[in-house]
Structure formats: structure tokens, C-alpha cells
Amino acid sequence: MGTFTRENTEIAVDLDGVGQQHRAEDGGMTIALERWHAGLDTGEMFAELPDGACQEKHWGYVLSGSVTMRYSDGQSEILSAGQAYYIRPGHNAHVDTDAELVEFTLADQTPGINTL
């Protein structure tokens, strides 16, 4: 089993002025170390996906900040610092306050851009 930091992982996503995601793969999981700035909304990024939403499952932990998850079925939930989470398929995210997360996704489901 490996350990992962921003120093020993690759930058997988770097959105100028919006945030970054460092990513590694181990044990059948993609491990993402993420920092996103307030105001980021994935609606436009995921517009081309089915239902205009990410269709992957994600598990993680919010280190700081808060993110509102909006689901295709109209439900929403707020993920806040100190919470572990499960995000079901059919979601978009809005970063309410600058957020730092550690997120896990099944490696065989990780697309080219895997954010929130």
C-alpha cells in the first residue's frame, strides 16, 4: 500500500484560478487530492455527459470548506469540513467556500477529468 501527497502525485486537473486535483491509482481505486475555489460549478463542465451530470460514484472526506451536491433527481446535499461522504451517480457540484477534499473513485470508472 502506498501513501499519497501532492508532492508524489501527478496533477491530473488544473483549472486556472479554479483549483487542482492531484491523482494516483492503487488498490483498484483512484485517489484524488483536491483543492477547489469558491464559485466552481461543474454544470458546464459536465453538460455533455448523460443528464448533464457526472455518472460516477465517489467516496471521500472534506478537509475544509463546503460543497453543495445537486443530483439529477432534484435532491441536493451540503458536504462540509469534517464529513466523510458518498456521492451517487448523477451529480454536479457547486463549491460554496474554498474546499479541500480527499476523494476515492473506482479506478475502472475514472474518466479523463474526474472532479467532484
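Refer to the structure above for everything that follows.
Just so we're clear, the structure is a prediction, and the values are computed from it rather than from any experiment.

## Section: the overall build of the protein chain
Then, in step 1: Looking only at helices and strands, one finds zero helices and seven strands in the protein chain.
Then, in step 2: In the protein chain, the succession of α and β elements from N to C terminus is β-β-β-β-β-β-β.
Then, in step 3: A compact globule built from 116 residues should have a C-alpha radius of gyration of about 13 Å, and the protein chain, at 13 Å, falls within 12% of that.
Then, in step 4: The dimensions of the protein chain, computed from C-alpha atoms along their principal axes, are 40 × 30 × 25 Å.
Then, in step 5: Taking all 116 residues of the protein chain together, the buried fraction comes to 40%.
Then, in step 6: Approximately 6,100 Å² of the protein chain is accessible, and the part contributed by carbon and sulfur atoms is 51%.
Then, in step 7: Distance between charge centres in the protein chain, computed from 6 positive and 19 negative side chains, equals 4 Å.

## Remarks on the pattern of salt bridges
Then, in step 1: Following the criterion strictly, the structure yields four salt bridges and no others.
Then, in step 2: In this structure, Arg70 and Asp41 form a salt bridge, with 3.0 Å as the shortest nitrogen-oxygen distance. Linking Arg70 in strand β4 (residues 58–71) with Asp41 in the loop between β3 (29–36) and β4, this pair joins segments that are 29 residues apart in sequence.
Then, in step 3: Given a relative accessible area of 32%, Arg70 falls into the partly exposed group.
Then, in step 4: Of the residues examined, Asp41 reaches a relative accessible area of 30% and is grouped as partly exposed.
Then, in step 5: One salt-bridge network, held together by shared partners, links Arg6, Arg35 and Glu100.

## Remarks on the environment of Glu44
Then, in step 1: Mapped onto the elements of the fold, Glu44 is located in the loop between β3 and β4.
Then, in step 2: Overall, the relative accessible area of 73% leaves Glu44 in the exposed class.
Then, in step 3: A sequence separation of 39 residues divides Glu44 from Thr5, and the C-alpha atoms of the two residues are 29 Å apart.

## Observations concerning the environment of Phe104
Then, in step 1: The residue Phe104 is located in strand β7 (residues 91–106) in this model.
Then, in step 2: Among the residues examined, Phe104 registers a relative accessible area of 30% and is labelled partly exposed.
Then, in step 3: The sequence separation of Phe104 and Met45 amounts to 59 residues, and the corresponding C-alpha distance is 20 Å.
Then, in step 4: Other than its neighbours up to four places away in sequence, Phe104 contacts Met29, Thr30, Ile31, Lys57, His58, Trp59 and Gly60.

## Thoughts on the packing of aromatic side chains
Then, in step 1: The final tally for this structure, using the stated rule, is one aromatic pair.
Then, in step 2: Seen in terms of ring centroids, Trp59 and Tyr86 are 5.5 Å apart; in terms of plane orientation they differ by 45 degrees. Their pairing is tilted. On the criterion of sequence distance, the pair formed by Trp59 in strand β4 and Tyr86 in strand β6 (residues 84–87) is long-range, its members being 27 residues apart.
Then, in step 3: Classification of Tyr86 by relative accessible area gives partly exposed; the value is 37%.

About the cut-offs
- Residues numbered from 1 in each chain as written.
- Predicted model: local features only at pLDDT ≥ 70, side-chain atom pairs only at ≥ 80, totals over all residues.
- Heavy atoms only, no water.
- Helix = DSSP H or I, 4+ residues; strand = E, 2+ residues; numbered from the N terminus.
- Rg over C-alpha atoms; globule rule 2.2 N^0.38 Å.
- Buried < 20%, exposed > 50% of the residue type's maximum accessible area, 1.4 Å probe, protein only.
- Areas by Shrake-Rupley, 256 points an atom, 1.4 Å probe, with all protein chains shown as cover.
- Lys, Arg positive; Asp, Glu negative; His and termini not counted.
- Charge placed at Lys NZ, Arg CZ, Asp CG, Glu CD.
- Salt bridge = Lys/Arg side-chain N within 4 Å of Asp/Glu carboxyl O.
- Contact = heavy atoms within 4.5 Å.
- Phe/Tyr/Trp six-rings, centres within 6.5 Å; stacked < 30°, edge-to-face > 60°.

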